[in-house]
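Remarks on the overall topology
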Amino acid sequence: MGIPAPEERLEEYPHQFSGGMQQRAIIAIALSCRPQLLLADEPTTALDVTVQAQILDLLRQINQRDGTGIILVTHNLAVAAEFCQRLAVMYAGQLMELGPAETVISEPLHPYTKGLLRSLPYLVPKGSPLTPIPGSVPDLAQLPSGCPFNPRCDIATDICREEAPPWVKVSSNHAACCWRLT
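This section reports on the structure supplied with the text. (Residues numbered from 1 in each chain as written. Predicted model: local features only at pLDDT ≥ 70, side-chain atom pairs only at ≥ 80, totals over all residues. Heavy atoms only, no water.)

**Side note on the nonpolar core**
Core analysis: the biggest nonpolar cluster contains 32 residues, and Ile 27, Leu 59, Phe 83 and Phe 149 have the highest contact counts within it. Secondary structure elements with two or more residues in this core: α2 (19-31), β1 (37-41), α3 (49-66), β2 (69-73), α4 (77-83), β3 (86-91) and α5 (101-106). Broken down by element, this core gets its largest block of residues, 6 residues, from α3. Phe 83 has contacts with Leu 56, Leu 59, Arg 60, Ile 70 and Leu 72, leaving out every residue within four places of it along the chain. (Core = buried A, V, L, I, M, F, W, Y, C linked by side-chain atoms within 4.5 Å. Buried < 20%, exposed > 50% of the residue type's maximum accessible area, 1.4 Å probe, protein only. Helix = DSSP H or I, 4+ residues; strand = E, 2+ residues; numbered from the N terminus. Contact = heavy atoms within 4.5 Å.)

In C-alpha cells, the structure reads:
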C-alpha cells in the first residue's frame, strides 16, 4: 500500500498516521478479502494534491494488478475526470447523467452537470466569473415533485415541476434524465 516502514507503523496508533497513510490503511483493510469490486467513497477528500495523486495512483495499480473494479464516489469532478472511464452524475440521490467521462465533461446534457462545470475555476476562461448553482440542495425527506433539480434549474418548465423526467439516450453510451432532451 506504500506505507513507509510498515513494520514500525504496525505499533502506532491511527492518530499518528498522516491523512494519506490513514487512507492507505483503510484501502488495505478493504482489499484484505480480495474483493472484485471496491467502493471508494471520497478517498481523496481533505488530502493535499500530492497525496491525492498518490492515492489515485494506488487505486489504479490495484485495478490493473488485481482486476478489481472501482466505483469512485467524489464531489471533485477534476478527480473523477482524471480517474474514471465513465461518470454517473447524481443529484438528491438520483441519477441525472451517465456516460463516458470525457463526453460528460465536454458535452454535458443535464442542467445540473452543466452547472457543476460552470462553477469550476479551471474550466472557466481566465477573467470570467464563476457561475454558482443558485439555491440550496433539497431536503431528501421532502423532495420536490418532478425533477429533483427543478427548483434550482434555470431552464425548468411546468412539466419539470410536475413529472419525473424520462431517461433519454442521446447516444449508445450517453444519457440523462431531462425533459429538455425529449
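**Thoughts on the pairing of β1**
With burial as the criterion, only one face of β1 is covered, namely that bearing Leu 38 and Ala 40; the residues Leu 37, Leu 39 and Asp 41 on the opposite face remain uncovered. Two strands pair when backbone bridges link them, and β1 and β2 are joined in this way by 5 bridges, in the parallel orientation. Paired with Leu 37 across the bridge in β2 is Gly 69. Of the crossover connections in this fold, the one passing from β1 over α3 to the parallel β2 is right-handed. (Pairing = 2+ DSSP bridges. Right-handed = clockwise from strand over helix to strand, strands pointing away.)

**Focus on the side chain of His 174**
Position of His 174 among the secondary structure elements: in strand β6 (residues 174-177). Looking at His 174, its side chain comes within polar contact range of the side chain of Glu 97, at 2.6 Å. Excluding residues that lie within four positions of it along the chain, His 174 makes contacts with Glu 97, Leu 98, Gly 99, Pro 100, Thr 103, Val 104, Glu 107, Leu 109, Val 168 and Lys 169. (Polar contact = N/O pair within 3.5 Å; in protein donor to acceptor, adjacent residues only side chain to side chain.)

**Digging into the packing of α2 against α3**
At a minimum axis separation of 10 Å, α2 and α3 run at an interaxial angle of 15 degrees. Relative to α3, the element α2 is oriented roughly parallel. Both α2 and α3 take part in a crossing whose hand is right-handed. For the pair formed by α2 and α3, the contact residues are Gly 20, Gln 23, Arg 24, Ile 27 and Leu 31 on the first element and Val 51, Gln 54, Ile 55, Leu 58, Leu 59 and Ile 62 on the second. Partitioning the contact of α2 with α3 into residue classes produces 7 nonpolar, 3 polar and 1 charged. (Axes fitted to C-alpha atoms, helices over the stretch in contact; angles between N-to-C directions. Parallel < 35°, antiparallel > 145°, perpendicular 65-115°, else oblique. Left-handed = near helix turned anticlockwise from the far one by under 90°. Nonpolar A, V, L, I, M, F, W, Y, C, P; charged D, E, K, R; others polar.)

**Digging into the sheet that holds strand β4 (residues 94-100)**
Strands sit in the order β3-β4-β6-β5 across an open sheet of 4 strands; the sheet is antiparallel. Lying at the two open borders of the sheet, with one neighbouring strand each, are β3 and β5 (167-171). Here the average twist between neighbouring strands, direction ignored, is 20 degrees. Strand direction decides the pairing type here: β4 and β6, joined by 2 bridges, are antiparallel. What sits directly across from Leu 98, in β6, is Ala 175.

**Considerations on the layout of surface pockets**
Looking at the largest pocket, its volume works out to about 1,000 Å³. Lining the largest pocket are 32 residues, with Leu 72, Val 73, Thr 74, Leu 87 and Ala 88 sitting closest to its centre. Elements that contribute at least two residues to the lining of the largest pocket include exactly α3, β2, α4, β3 and α6 (111-118). At 6 residues, the largest contribution of residues to the lining of the largest pocket is made by β3. Counted by class, the lining of the largest pocket contains 20 nonpolar, 8 polar and 4 charged residues. Size it by volume and the second largest pocket reaches roughly 220 Å³. As for the second largest pocket, its lining consists of Ile 3, Pro 6, Arg 9, Leu 10, Glu 12, Tyr 13, Pro 14, Phe 17, Gln 22, Ala 25, Ile 26 and Ile 29. (1 Å grid on protein atoms, 1.4 Å probe; cavity = no way out; pocket = protein on both sides within 12 Å on 5 of 7 lines; lining within 4 Å. Points joined across faces, edges and corners; volume = space filled by probe spheres on them.)

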